[in-house]
Amino acid sequence: MTRVLVLRPEPGASETVERAGEHGLEAVSIPLFKIEPLAWTAPGVDSFDALLLTSANAVRHGGEGLDSLRALPVYAVGPATADAAREASFEIAGVGSADIDTLLATVDPKLRLLHLCGEHRRATSAPHAITSVPVYRSNALPRPAGLDRAGADVALIHSPRAGARLAELVEHRGSIALVAISAAAADAAGEGWASVHAADRPTDEALLALAARLCNKPAAK
């Protein structure tokens with residue numbers, strides 16, 4: 001049976017492995033990064049109208065700095081991020097269904113947004129007044145031993161950084177198919193893979209549905 005390689009950091013990796021099992025897939029967690037909190041100071045809440053959250057990691061690793069910001073409503077990039085914010089006692093003002101640009105298209109451009117984010121973040125061309133404050137970083141791990149056993153597998157790429165990191169670590173790519181959460185993530189992985197596919201929506205569920213179709217594809221005769 002074709003395996004699915006889950007390369008995202010924990011705890012997301014374990015969550016994806018569990019969801020993969022619900023699709024009948026054999027998945028193995030091989031994180032390429034580790035999420036770590038950064039020291040940060042929360043700015044004055046009166047300077048902002050709402051929080052912008054593009055990753056559940058901002059809530060998981062925000063620490064005590066979040067305490068003074070709970071009066072601000074949250075605009076979350078997707079359901080998983082919104083769920084994490086709710087669990088941390090934030091009020092949800094809006095939830096996106098794709099990426100940051102899609103979310104911001106639904107948000108009043110006059111709002112002053114505080115973006116709690118990672119050290120590496122995607123830029124946006126939206127007209128909103130956004131103040132970005134990094135509260136966590138994603139550190140690359142040494143080459144995981146699990147990659148040495150990669151064969152005719154399907155690797156899930158959850159970000160452009162993950163695609164680029166996998167390309168750095170794997171020289172013999174011809175037997176590995178990539179399923180990326182976006183076209184940008186797919187492009188970052190470069191060429192030479194057995195095949196490269198981008199999900200039609202930047203969600204874990206869309207990623208796994210595409211992986212399931214690849215894993216169940218009959219072998220060529």
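You'll find the structure just up there.
Residues numbered from 1 in each chain as written. Predicted model: local features only at pLDDT ≥ 70, side-chain atom pairs only at ≥ 80, totals over all residues. Heavy atoms only, no water.

Engineer: I'd like a rundown of the overall build of the protein chain, residues and numbers included.
Structural biologist: When its secondary structure is counted, the protein chain shows seven helices and 11 strands. Projected onto its principal axes, the C-alpha positions of the protein chain cover 65 × 30 × 30 Å. For the protein chain, buried positions account for 45% of its 221 residues. Residue pairs at least 24 apart in sequence account for 53% of intrachain contacts in the protein chain once pairs closer than 6 positions are excluded. Total accessible area on the protein chain is roughly 10900 Å²; 50% of this is exposed by carbon and sulfur atoms. (Helix = DSSP H or I, 4+ residues; strand = E, 2+ residues; numbered from the N terminus. Buried < 20%, exposed > 50% of the residue type's maximum accessible area, 1.4 Å probe, protein only. Contact = heavy atoms within 4.5 Å. Areas by Shrake-Rupley, 256 points an atom, 1.4 Å probe, with all protein chains shown as cover.)

Engineer: Account for the environment of Arg-122, with residues named and values stated.
Structural biologist: Residue placement: Arg-122 occurs in the loop between strand E7 (112–118) and strand E8 (129–140). Take Arg-122: its relative accessible area is 47%, and that puts it in the partly exposed class. With near-sequence residues (within four places) excluded, Arg-122 lies in contact with Asp-99, Ile-100 and Asp-101. Side-chain polar atoms of Arg-122 contact the side chain of Asp-99, separated by 3.3 Å. Reaching out from Arg-122, the side chain makes a polar contact with the side chain of Asp-101 at a distance of 2.7 Å. (Polar contact = N/O pair within 3.5 Å; in protein donor to acceptor, adjacent residues only side chain to side chain.)

Engineer: How would you summarise the layout of surface pockets if you had to cite specific residues and measurements?
Structural biologist: In this structure, the largest pocket spans a volume of roughly 1700 Å³. Along its surface, the largest pocket is lined by 50 residues, and Thr-54, Ser-55, His-158, Ser-159 and Ile-181 are the ones closest to its centre. Residue assignment for the lining of the largest pocket shows that the elements contributing at least two residues are helix H1 (12–22), strand E3 (33–37), helix H2 (57–60), helix H3 (79–87), E7, E8, helix H5 (160–169) and helix H7 (204–215). Sort the elements by how many residues they give to the lining of the largest pocket and H3 lands first, with six residues. By residue class, the composition of the lining of the largest pocket is 21 nonpolar, 15 polar and 14 charged. (1 Å grid on protein atoms, 1.4 Å probe; cavity = no way out; pocket = protein on both sides within 12 Å on 5 of 7 lines; lining within 4 Å. Points joined across faces, edges and corners; volume = space filled by probe spheres on them. Nonpolar A, V, L, I, M, F, W, Y, C, P; charged D, E, K, R; others polar.)

Engineer: Go over H1, please, and point to the residues and values.
Structural biologist: The set of residues buried in H1 consists of Gly-12, Ala-13, Thr-16 and Ala-20. Take H1 and look down its axis: the buried residues cluster within an arc of 95°, on one side only. With respect to the buried face of H1, the exposed residues turned more than 90 degrees away are Glu-18 and Glu-22. Buried residues along H1 sit in contact with strand E1 (3–6), strand E2 (26–29), strand E9 (154–157) and H7. Phi for Gly-24, located one or two positions after H1, is positive at around 80°. (Arc of directions from axis to C-beta.)

Engineer: Kindly report on H7, identifying the contributing residues and their values.
Structural biologist: Here H7 spans 16 Å end to end across 12 residues, near enough to the 16 Å set by a 1.5 Å rise per residue. Buried residues along H7 sit in contact with E1, H1, E9, strand E10 (177–180) and strand E11 (195–198). (Expected span 1.5 Å × (residues − 1).)

Engineer: Any chance you could break down the sheet that holds E7 for me, citing the residues and the numbers?
Structural biologist: One key point about sheets: their strands pair by backbone hydrogen bonds, in either a parallel or an antiparallel sense. Strand order in the open sheet formed by six strands is E3-E8-E7-E4-E5-E6, and the pairing between neighbours is mixed. Because the sheet does not close on itself, it has two edges, and the strands there are E3 and strand E6 (92–95). Ignoring which end each strand starts from, the neighbouring axes of this sheet average 25° apart. Direction of pairing for strand E4 (residues 50–53) relative to E7: parallel, over a ladder of four bridges. Along E7, the bridge assignment pairs Leu-51 with Leu-114. (Pairing = 2+ DSSP bridges. Axes fitted to C-alpha atoms, helices over the stretch in contact; angles between N-to-C directions.)

Engineer: Talk me through the nonpolar core; I want residue IDs and the actual numbers.
Structural biologist: If you look at the biggest cluster of nonpolar residues, it comprises 37 residues, and the most contacted ones within it are Leu-7, Leu-25, Leu-156, Ile-157, Leu-166 and Leu-178. Of all elements in the fold, only E1, H1, E9, H5, E10, helix H6 (183–188) and H7 reach the threshold of two or more residues within this core. Counting residues per element, this core draws most heavily on H7, which supplies seven residues. With residues up to four places along the chain from it excluded, the contact list for Leu-7 reads Ile-30, Pro-31, Leu-32, Ala-155, Leu-156, Ile-157 and Leu-166. The next biggest cluster of nonpolar side chains, apart from the first, holds 23 residues, and it includes Leu-69, Ala-76, Leu-116 and Val-133. (Core = buried A, V, L, I, M, F, W, Y, C linked by side-chain atoms within 4.5 Å.)

Engineer: Tell me about the pairing of E10, and name the residues and values.
Structural biologist: Here is the key point about a regular strand: its side chains alternate between the two faces of the sheet. Here E10 shows no split at all, with Ala-177 and Val-179 on one side and Leu-178 and Ala-180 on the other all buried. For E9 and E10, the ladder comprises four bridges, and the chain directions are parallel. Its bridge partner lying in E10, Ala-155 is registered against Leu-178. In terms of handedness, the path from E9 via H5 over to E10 forms a crossover that is right-handed. Summarising the sheet, E10 and E11 pair through four bridges and their orientation is parallel. Looking at E11, one finds that Ala-180 is bridged to Ala-198. Read as a crossover between parallel neighbours, the route from E10 over H6 to E11 is right-handed. (Right-handed = clockwise from strand over helix to strand, strands pointing away.)

Interpretation note: all reported values are geometric properties and have no functional meaning in isolation.
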